[in-house]
Amino acid sequence: MSAEKAIEAIQLTKRFGDFTAVNQVSFEIPRGEIFGLLGPNGAGKTTTIRMLCGILEPTAGEARVMGYDVAKHAEEVKQRIGYMSQKFSLYDDLTVYENLGFYANLYGVPREKLKPRLAELIAMAGLRGHEKQLTRDLSGAWRQRLALACAIVHEPPMLFLDEPTAGVDPVSRREFWEMIYQLAGQGVSVLATTHYMDEAEFCNVIGMMYRSRLIALSDPDSLREGVIGVLFEVDCQEPGRAELVLKDLPLVQDVAAHGVLLHVQVASEKQRAELEQTLQSNGIVVERIERILPSLEDIFVSLVDHENRQHKRADKD
Ligand SMILES: Nc1ncnc2c1ncn2[C@@H]1O[C@H](COP(=O)(O)OP(=O)(O)OP(=O)(O)O)[C@@H](O)[C@H]1O
Ligand SMILES: [Mg+2]
């Protein structure tokens, strides 16, 4: 067991009856890192978080959070984590201050620390002047910041955020991530789930989850560089015809039109010349072929395609 790790999950699995919601998921997160768990609806993100928080018992496999086994030492785990659930558990009929006070009591914040801690959180969340406002009257972005403040009222070293920015406008999302950065800068480890691929850029490590499995685990740059071969942007005349020509080429894994440009995916940098020659021999004038980095969204789609093909193959066998 390593004290350096915020989370260690080994073959973590959860079955509900015949259905496997989380299938042999393994990963490690060093302390102080921001780990982003991406994946479509139903991929198993929330179920993974609930196991790591000690709320849901794993069916198989194991996990340690801040050094404590989630199945054997759920209480120790709970004392060391903050959890912002997918449907923020705020009390609508309480004021901003009362919600914070409620969570402070729940988490056992000592009486003498209560006032300064709540003042600090209200300042951090930008809620000064709104302490007496009823929570039901807050906008989405403010509710989100209050929910975060409630989740960290007891200064946990590990924070779980389940789709914290769902339904929030882009500017508020950015502000929210700045708060997360500040916390990480203070040494807090963070696991956050999101549907927004652009938010993955804010994370040190990304896990992509699909159909209950972790299909990729890496830092964003390595993911972009390694996972799906090489992506070329092709600027040529007659892009429509070029697309058809390239689609038939065995070395081409994927072609997609982006305006008048084509994005062409191949296995290696060496195939640039062959692309160019093929287009030219078909009478298409090539202006430029440039290697570009795929977006995380491209990568996710490509990994999912790969996973689906494997699935189909396995079904046939
Ligand atoms: N208590 C439960 N009993 C039966 N099935 C469940 C239970 N909890 C979750 N599931 C199923 O497990 C799968 C994974 O659910 P989970 O909530 O973990 O997904 P998710 O990745 O968080 O999705 P979303 O992005 O929609 O929040 C889903 O098919 C869901 O219906
Ligand atoms: Mg979920």
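Since the structure is predicted, the reported quantities are computational estimates derived from the model, not experimental observations. (Residues numbered from 1 in each chain as written. Chains lettered and ligands numbered in written order. Predicted model: local features only at pLDDT ≥ 70, side-chain atom pairs only at ≥ 80, totals over all residues. Heavy atoms only, no water.)

**Quick word on the coordination of the magnesium ion (ligand 2)**
Counted only if it meets this: Sodium, potassium and calcium take a 3.2 Å donor cutoff, other metals 2.8 Å, and in both cases only N, O and S atoms count; water is not among them, so sites may look incomplete. Helix and strand definitions here come from DSSP, where helices need a minimum of 4 consecutive H or I residues and strands a minimum of 2 consecutive E residues; each element is numbered from the N-terminal end. Relative accessibility under 20% of the residue-type maximum defines a buried residue, over 50% an exposed one, and the middle range a partly exposed one, all with a 1.4 Å probe and only protein chains included.
At 1.9 to 2.4 Å from the magnesium ion (ligand 2) lie its protein donor atoms, namely Thr46 (OG1) and Gln86 (OE1). Residue threonine 46 is located in helix 1 (residues 45-52), and its partner glutamine 86 is located in the loop between strand 6 (81-84) and helix 3 (96-106); the two are separated by 40 residues in the primary sequence. Taking the relative accessible area as the measure of exposure, threonine 46 reaches 25% and is therefore partly exposed.

**Here we look at the environment of valine 230**
By the secondary structure assignment, valine 230 is in strand 11 (residues 230-236). Sequence-wise, valine 230 and leucine 261 are 31 residues apart; in three dimensions their C-alpha atoms are separated by 16 Å.

**Comments concerning the domain arrangement of the protein chain**
As a reminder, the rule being used: An automatic or database domain assignment supplies the residue ranges for each domain.
In terms of domain boundaries, the protein chain breaks down into domain 1 (5-224) and domain 2 (229-293). With centres defined by C-alpha atoms, the gap from domain 1 to domain 2 works out at 42 Å.

**Examining the site of ligand 1**
Note the cut-off: Nearness here has a simple test: a residue counts as near a molecule or strand if at least one of its heavy atoms is within 4 Å of that partner. Each polar contact in these results corresponds to two N or O atoms within 3.5 Å; when the atoms are within protein, one needs to be able to donate a hydrogen and the other to accept it, and residues that are neighboring in sequence are counted only if both atoms are side-chain atoms. All accessibility values rest on the Shrake-Rupley procedure with a 1.4 Å probe; residue burial counts only the protein chains present in the view. Residues are grouped as follows: nonpolar covers Ala, Val, Leu, Ile, Met, Phe, Trp, Tyr, Cys and Pro; charged covers Asp, Glu, Lys and Arg; every other residue, Gly included, is treated as polar.
Taken together, 14 residues surround ligand 1, and among them Gly42, Lys45, Thr46, Thr47 and Gln86 come closest. Lysine 45 is positioned such that a nitrogen or oxygen atom in its side chain is 2.7 Å from an oxygen atom of ligand 1. Note that an oxygen atom of ligand 1 is positioned 2.5 Å from one of the side-chain N or O atoms of threonine 47. Relative to its unbound accessible area of 640 Å², ligand 1 is 61% covered by the protein chains. For the shell around ligand 1, the element with the highest residue contribution is helix 1, accounting for three residues. Residues belonging to the shell around ligand 1 are distributed by class as follows: five nonpolar, seven polar and two charged.

**A few points about the sheet that holds strand 11**
This is how the line gets drawn: Being paired, for any two strands, means DSSP has found at least two bridges between them. To get an axis, a line is fitted to the C-alpha atoms, and for a helix only the part in contact is used. The angle between two axes follows their N-to-C directions and goes from 0 to 180 degrees. Residue contacts are defined here by distance: any two heavy atoms, one from each residue, within 4.5 Å place the two residues in contact.
If you walk across this open sheet you meet the four strands as 12-13-11-14, and the pairing is antiparallel. Every other strand in the sheet has two partners, leaving strand 12 (252-258) and strand 14 (286-292) as the edge strands with one partner each. Taking the axes of each pair of neighbouring strands and ignoring which way they run, one obtains an average angle of 25° across the sheet. The strands touched by helix 10 (residues 272-281) are strand 11, strand 12, strand 13 (261-266) and strand 14; relative to strand 14, the strand with the most contacts, the crossing angle is about 155°.

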